[in-house]
Amino acid sequence: MRPRDTYAEPYKIKMVEPIRLISPGERKQAITEAGYNVFNLKSEDVYIDLLTDSGTSAMSEYQWAGIMSGDESYAGSKNFYHLQQVIEDITGCKFVVPTHQGRAAEHILMRVLVKPGDRIPGNMHFDTTEGHIRLSGAEPVNCLTDQGYIPGEKLPFKGNIDINKLEKELLAHGREKIPFILITATCNNNGGQPVSLENFKAVRRLADRFGVPVFLDAARFAENAYFIQQREPGYRNKTLKEIVGEMFSCADGCTMSAKKDALVNIGGFLALKSEELYQQAVEWQIPFEGFRTYGGLAGRDIEAMARGLEEVLDEQYLENRIGQVQCLGEKLIGAGIPIVQPPGGHGIYIDAGSLLGHLPHSQFPAQALVVELYLEGGIRSVELGACAFGHRDGTTGEMIYPALELVRLTIPRRVYTDRHMDFVARAAEAVADRKNSIRGLQLVYEAPVLRHFTARFARL
Ligand code: P71
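**Here's the deal with the site of the ligand**
Around the ligand, 17 residues are found, and the nearest of them are Thr 52, Arg 103, Asp 217, Ser 257 and Lys 260. In the environment of the ligand, a nitrogen atom lies 2.7 Å from a nitrogen or oxygen atom belonging to the side chain of Asp 217. Side-chain polar atom of Arg 220 to an oxygen atom of the ligand: 2.9 Å apart, as the coordinates give it. The element that contributes the greatest number of residues to the shell around the ligand is helix H4 (residues 102–113), accounting for three residues. For the shell around the ligand, the residue count by class is two nonpolar, eight polar and seven charged. The residue makeup of the shell around the ligand includes at least three contributed by each of domain 1 (4–53 + 314–459) and domain 2 (61–311).

Here you go:
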């Protein structure tokens, strides 16, 4: 990876979307009316939107040109065949089930393979995956290495599965209860941390011993491959395509939210190596998503997805992408702001529990920081702490809090420049400078499930 100041973005800007920083008074009014929950803000009241990297990418001229060649036939659209060819070329999976987004691919995979009482081990399942596993009556089992949970631990592959934990799980429950293992790469929930190829291979060997298939949650597969090329001994001179090929050689298929590394605003797919499984998947795809060649998407969206997948393994694109995230991380560290280390692929996760050490979990320190970042600079970030992950004990009703109080600054792909990132870093620094005067929040409304999307707060 070259130093950030020795190169510039590998693209120039052809179209711009105006953004505006509304006044401090207007921001105060907007966040108050939003019940101190940034999900309730109008995006026009946001200056720099770091809520998610999902579906927020800027498409290229090649993708936009593809939009104009959408074949909107109900069956047999040429765009589907293009998508299939690109996916097979990258992943070796011959069979492609397009879906409206990633969670729909998860839904179909669970319908086909999971029965009540099953267990699905992985490094750390994403929220929607965990939701679908539970909806199938099965149990998600996170086998991430212990170091993966420690924010300050600067290891290269903190997304890795602990092979001993996985082996114990396989020995205890076996193939009868474990329909597959799922590797999420990069691992979103602990900071966008990559999985090494050594780990992929070790999981595959272990899975083979027990006759259990391996699937990949490939939402950020290209970013993961870039980290392998940069960090794993022996891969510096391999192309990203070769590395991705090796990653997928360890898997029987994947689910994909194309809203991330396929550089599109909507879309997803399930890709499979087995024709038999594919036939079963189509039986669920048709009633829930649509006919097998469009799966809930317009032909033009499928074309943009195929073209995004062709573009995302460009080394200069990934260097700039990962470099931008890392650069923001270094600026925050320089300002004394604690973050999850090392910076991950798609965002910076601020350790709000440690920054706002005077606020207990019950006063939502991460959410308080989200609010302050908005008030300071119109920046929208997302809370991954007591509100998103806290829940009540089934019997005692007592609150159980997560170990970490994090705020994610998620960077959309090809959207913001380094000057936007400088602005974000300066705003975060200004908030950190007045951290001791930041007050906590109190919940005034919470939904029974997924409360962070609709919660409302009051300031203490
Ligand atoms: C992110 C998202 C989007 C999101 C989804 C749900 C709640 C909040 C935010 C989505 C992922 C993901 C991984 C690893 C599957 C999905 C679902 N991430 N796997 O990080 O990160 O994909 O949204 O297309 O259904 O903001 P989908």
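Now that the structure is up, let's keep going.
**Remarks on the domain arrangement of the chain**
Partitioning the chain into domains gives domain 1 (4–53 + 314–459) and domain 2 (61–311). Taken over C-alpha atoms, the centre of domain 1 sits 27 Å from the centre of domain 2. Taken together, the contact between domain 1 and domain 2 spans 25 residues of the former and 29 residues of the latter. In total, about 2200 Å² of surface goes out of reach between domain 1 and domain 2, with carbon and sulfur atoms giving 54% of it. Taken together, the links from domain 1 to domain 2 amount to six salt bridges.

**Some remarks on the pairing of strand S4 (residues 139–142)**
Bridge count for strand S3 (residues 119–122) against S4 is four bridges, and the pairing is parallel. Paired with Arg 119 across the strands is Glu 139, a residue of S4. Remark: the S3/helix H5 (residues 127–135)/S4 crossover connection has right-handed handedness.

Reading guide: rules and limits
- Residues numbered from 1 in each chain as written.
- Predicted model: local features only at pLDDT ≥ 70, side-chain atom pairs only at ≥ 80, totals over all residues.
- Heavy atoms only, no water.
- Near = heavy atom within 4 Å.
- Polar contact = N/O pair within 3.5 Å; in protein donor to acceptor, adjacent residues only side chain to side chain.
- Helix = DSSP H or I, 4+ residues; strand = E, 2+ residues; numbered from the N terminus.
- Nonpolar A, V, L, I, M, F, W, Y, C, P; charged D, E, K, R; others polar.
- Domains from an automatic or database assignment.
- Contact = heavy atoms within 4.5 Å.
- Buried area = accessible area lost by both parts, 1.4 Å probe.
- Salt bridge = Lys/Arg side-chain N within 4 Å of Asp/Glu carboxyl O.
- Pairing = 2+ DSSP bridges.
- Right-handed = clockwise from strand over helix to strand, strands pointing away.

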